[in-house]
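# Structure assessment
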Amino acid sequence: NMYSYWSNATYARDQYDAHQIVSAGFGQVEARLFDNLDAVLGVRYEKTDMESKNHDTAAAADIQANDWLPAVSLVYHIGKEMNVRFAYGKTLARPSLREISTFAQEEFTGSRFLHGNPNLRYTQIDNYDLRWEWFSRPNEIAAVSVFYKRFKDPIEVAMWGSNLDRIPVNVEKATNIGAEFELRTGLDRVANKLRNFSVGGNFTLVSSEVKITGDELSLMRMIDPEAKDTRTMAGQSPFLLNVNLGFASDKSGTRADLLYNVFGRRFYYNSPGGTPDVYEKPRQSVDATCS
């Protein structure tokens, strides 16, 4: 006779209790400094309380923080149709409860185990933006923007352990600098018969940089003495392109759009030592909507 036996292989570590409580308040002042200059000044206070405990002796994750997040926006009006904007704001990016909980989960794609990291810190970001915009007609815009972002303790996914599992980790710092070009216009400018059609899009160029330090850089230079001490940020493409062709008829109540998107090759996750890092290849997509 043949017998089958079933046993419970659930680990206590796979069960956890967690909470995230964010308390916040803000104040804001809007003022016209001069006839053509407006200002918006504000500050936001956030209190973070995150905790995750497993049902075994694994280390518990605990993030307690109090942050003041200032913001400044200046708008310089050039006539009635054109503006120049400057903005600064400090923001936060917190890890998810899953990322700080110490258990391993087999990923659907790749069949590797993704571990939580109870030592993760949240990310603090300084954002600077400068934008020129021109509203030539209703629902039309031409704009050029430049931006700079400075990250403290950004979170990335790295290979970990002898089985090359994956785990979220903090890197010390990173920067983003880039430019965006945006255009949206009606095609009646070309021919009156095309008055129900519009075309638009935006194109973004980004240069990102993460500083590689410590053991990781030492291992890389054991394999390649000329290895650079910087790389691109995880998930950040060097370029992004969106284009759309739209049709709208108030008479029939019809709206249709054809949309195209593509992004450049982007860093996916970090490999140990001299092993090549993993990148996500560009993917082009075309979507059509109608209502």
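### Here we look at the environment of Arg85
Along the polypeptide, Arg85 turns up in strand E4 (residues 82–93). Excluding anything up to four places from it in sequence, Arg85 contacts Leu74, Val75, Asp129, Leu130, Arg131 and Glu133. Only 2.5 Å separates the side chain of Arg85 from the side chain of Glu133, close enough to count as a polar contact.

### So, the nonpolar core
Met50, Ala61, Ile63, Ala65, Leu69, Leu92, Ile100, Leu120 and Tyr122 form the largest nonpolar core, which has nine residues in total. Per element, the largest residue contribution to this core is four residues, and it comes from strand E3 (residues 61–78). Discounting chain neighbours no more than four positions away, the residues touching Met50 are His19, Gln20, Ala61, Asp62, Ile63, Gln64, Arg94, Pro95, Ser96, Leu97 and Ile100. By size, the runner-up hydrophobic cluster in this structure holds six residues, among which are Phe151, Val171, Val210 and Met233.

### Quick word on the pairing of strand E1 (residues 16–34)
Relative to strand E2 (residues 37–54), E1 runs antiparallel, the two being bridged by 18 bridges. Within E2, the position partnered with Ala31 by the bridge is Ala39.

### Structural notes on the side chain of Asn170
Following the sequence through the fold, Asn170 ends up in strand E10 (residues 165–170). There is a polar contact of 2.8 Å between the side chain of Asn170 and the backbone nitrogen of Arg121. One polar contact links the side chain of Asn170 to the main-chain carbonyl oxygen of Asp153, over a distance of 2.9 Å. Sequence-distant contacts of Asn170, defined by excluding residues within four places in its chain, comprise Asn119, Leu120, Arg121, Asp153, Pro154 and Ile155.

### Overview of the pattern of salt bridges
A complete count under the given rule lists 19 salt bridges for this structure. Here Glu140 ties to Arg189 by a salt bridge, and the two come within 2.7 Å at their closest N and O atoms. Placement of Glu140 in the loop between strand E7 (123–134) and strand E8 (141–152) and of Arg189 in the loop between strand E11 (173–186) and strand E12 (197–211) is noted, with a sequence separation of 49 residues between them. The class of Glu140 is buried, set by a relative accessible area of 4%.

What counts as what
- Residues numbered from 1 in each chain as written.
- Predicted model: local features only at pLDDT ≥ 70, side-chain atom pairs only at ≥ 80, totals over all residues.
- Heavy atoms only, no water.
- Helix = DSSP H or I, 4+ residues; strand = E, 2+ residues; numbered from the N terminus.
- Contact = heavy atoms within 4.5 Å.
- Polar contact = N/O pair within 3.5 Å; in protein donor to acceptor, adjacent residues only side chain to side chain.
- Core = buried A, V, L, I, M, F, W, Y, C linked by side-chain atoms within 4.5 Å.
- Buried < 20%, exposed > 50% of the residue type's maximum accessible area, 1.4 Å probe, protein only.
- Pairing = 2+ DSSP bridges.
- Salt bridge = Lys/Arg side-chain N within 4 Å of Asp/Glu carboxyl O.

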